Amino acid sequence: MKYVTYEAGKGIPSLRLETTSLPALGKGEVTIAVEAFGVNRADTLQRQGKYPAPPGESDILGLEVSGEITSIAEGVDNWSVGDKVCALVPGGGYAEFVNVDARHVLPVPTSVSLTEAAGLTEVFLTAWQALTTFGSLKTGDRALIHAGASGVGLAALQLCRFKGVETATTASSEKKLAVCREQGAHLAINYKEQEFDEVIKSRWPVGVDFILDVVGGDYINRNLKVLKRDGMMIYLAMLAGRYADKLDMALLLAKRARIQGSTLRNRSDNYKAALVDDFVKHAMPGFANGALRVNVDTVLPVGQIQRAHQLLEDNATMGKVIVTW
Ligand SMILES: NC(=O)c1ccc[n+]([C@@H]2O[C@H](COP(=O)([O-])OP(=O)(O)OC[C@H]3O[C@@H](n4cnc5c(N)ncnc54)[C@H](OP(=O)(O)O)[C@@H]3O)[C@@H](O)[C@H]2O)c1
């Protein structure tokens, strides 16, 4: 099969097509003939040599795919050859075929094309996990979603609207903020022109119940200022760098705040299976009735994989970059 190879730390030009053989199908797995794969920051970091694959997982890039099931391990009875699916994979997505735990496979919603479905799993499962597993958000709550026009951000804004949660969000341009508003943001703040904490305090003096932050940096204490007492902040990334500002402990204690960090990739197979199950039961119906949709920024053929990584690294996207075979 063809796959995309790279040399860790050697830059975007090192991404190129090679051939390899598909590993044997493991217990509980299905093989997917990949129609398309989603491109994620984790892939660009792995290519840069900063985020190696977890031990035992494929070195091939790629955390999410869509395609057709071509073979099924003995004992897997919930999928059939020919099913059109999308899946969360721990690696190996940038290839013509991938073997995946059958419990990490999702049906493609009828309203979503097979190509679009390649961009569904990573951001929607991440956002769903943050809002529900960690945040326990309920109708009437308020959330602050940073980087609102990112893949994770737009999925989170849509899911908040789906659950009746009011949202404030941040992004770097009016164009991005317009998309955030269209996807449910009630308060859209250009963080380059306004201090998000001041805007939120003036509009919602009581603050927000939950904050999803992928930035870090000097957001940490400013987040605490707009968090309600007993509220929660979840950190999923550190786009502003590895070290955040010094934590204001007085603010943390006074707010009785909880701070959680998480990465989906290094969760156990059972954890991911339970998350997929919960998402399929409770969020998937939102795709059928039009409340949720995959935000596709750009679709590129695999020959343009270098451009796909460049778009992400330039912060030039609003939603998913998808690459097709
Ligand atoms: N922990 C997990 O389980 C998990 C899972 C999935 C993704 N992630 C991480 O979550 C982050 C978002 O993922 P994604 O796929 O949604 O990313 P994305 O679509 O590539 O969007 C990222 C956006 O973040 C904003 N940004 C970048 N640097 C920033 C900075 N220094 N300060 C403020 N905003 C900044 C940019 O938007 P603006 O132009 O508006 O600034 C950029 O377009 C990534 O770092 C990704 O690795 C984590």
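Reading guide: rules and limits
- Residues numbered from 1 in each chain as written.
- Predicted model: local features only at pLDDT ≥ 70, side-chain atom pairs only at ≥ 80, totals over all residues.
- Heavy atoms only, no water.
- Domains from an automatic or database assignment.
- Contact = heavy atoms within 4.5 Å.
- Buried area = accessible area lost by both parts, 1.4 Å probe.
- Salt bridge = Lys/Arg side-chain N within 4 Å of Asp/Glu carboxyl O.
- Helix = DSSP H or I, 4+ residues; strand = E, 2+ residues; numbered from the N terminus.
- Near = heavy atom within 4 Å.
- Polar contact = N/O pair within 3.5 Å; in protein donor to acceptor, adjacent residues only side chain to side chain.
- Areas by Shrake-Rupley, 256 points an atom, 1.4 Å probe, with all protein chains shown as cover.

Asker: Just checking my understanding: could you explain the domain arrangement of the chain for this structure?
Answerer: In many analyses, interface size is given as the accessible surface area lost on bringing the parts together. When its domains are assigned, the chain resolves into domain 1 (2-120 + 265-324) and domain 2 (124-261). Computed from C-alpha coordinates alone, the two centres of domain 1 and domain 2 are separated by 26 Å. At the junction of the two partners, domain 1 supplies 22 residues and domain 2 supplies 22 residues. With both chains or domains summed, domain 1 and domain 2 bury close to 1900 Å², and 63% of this area falls on carbon and sulfur atoms. Taken together, the links from domain 1 to domain 2 amount to one salt bridge. For the side of domain 1 that touches domain 2, the secondary-structure elements that each account for two or more residues are helix H9 (269-282) and helix H10 (285-288). Looking at which element gives the most residues to the side of domain 1 that touches domain 2, the answer is H9, with six residues.

Asker: Sorry, what's going on with the site of the ligand here?
Answerer: Neighbouring the ligand are 22 residues; Val152, Ser172, Lys176, Tyr191 and Ser262 lie closest to it. Between arginine 41 and the ligand, the recorded distance is 2.8 Å, taken from a side-chain N or O atom to an oxygen atom. At 2.5 Å, a side-chain N or O of serine 172 approaches an oxygen atom of the ligand. Protein burial of the ligand: of its 920 Å² of free accessible surface, 89% is covered by the chains. Mapped onto the shell around the ligand, the elements with two or more residues apiece are helix H3 (121-134) and helix H4 (151-163).

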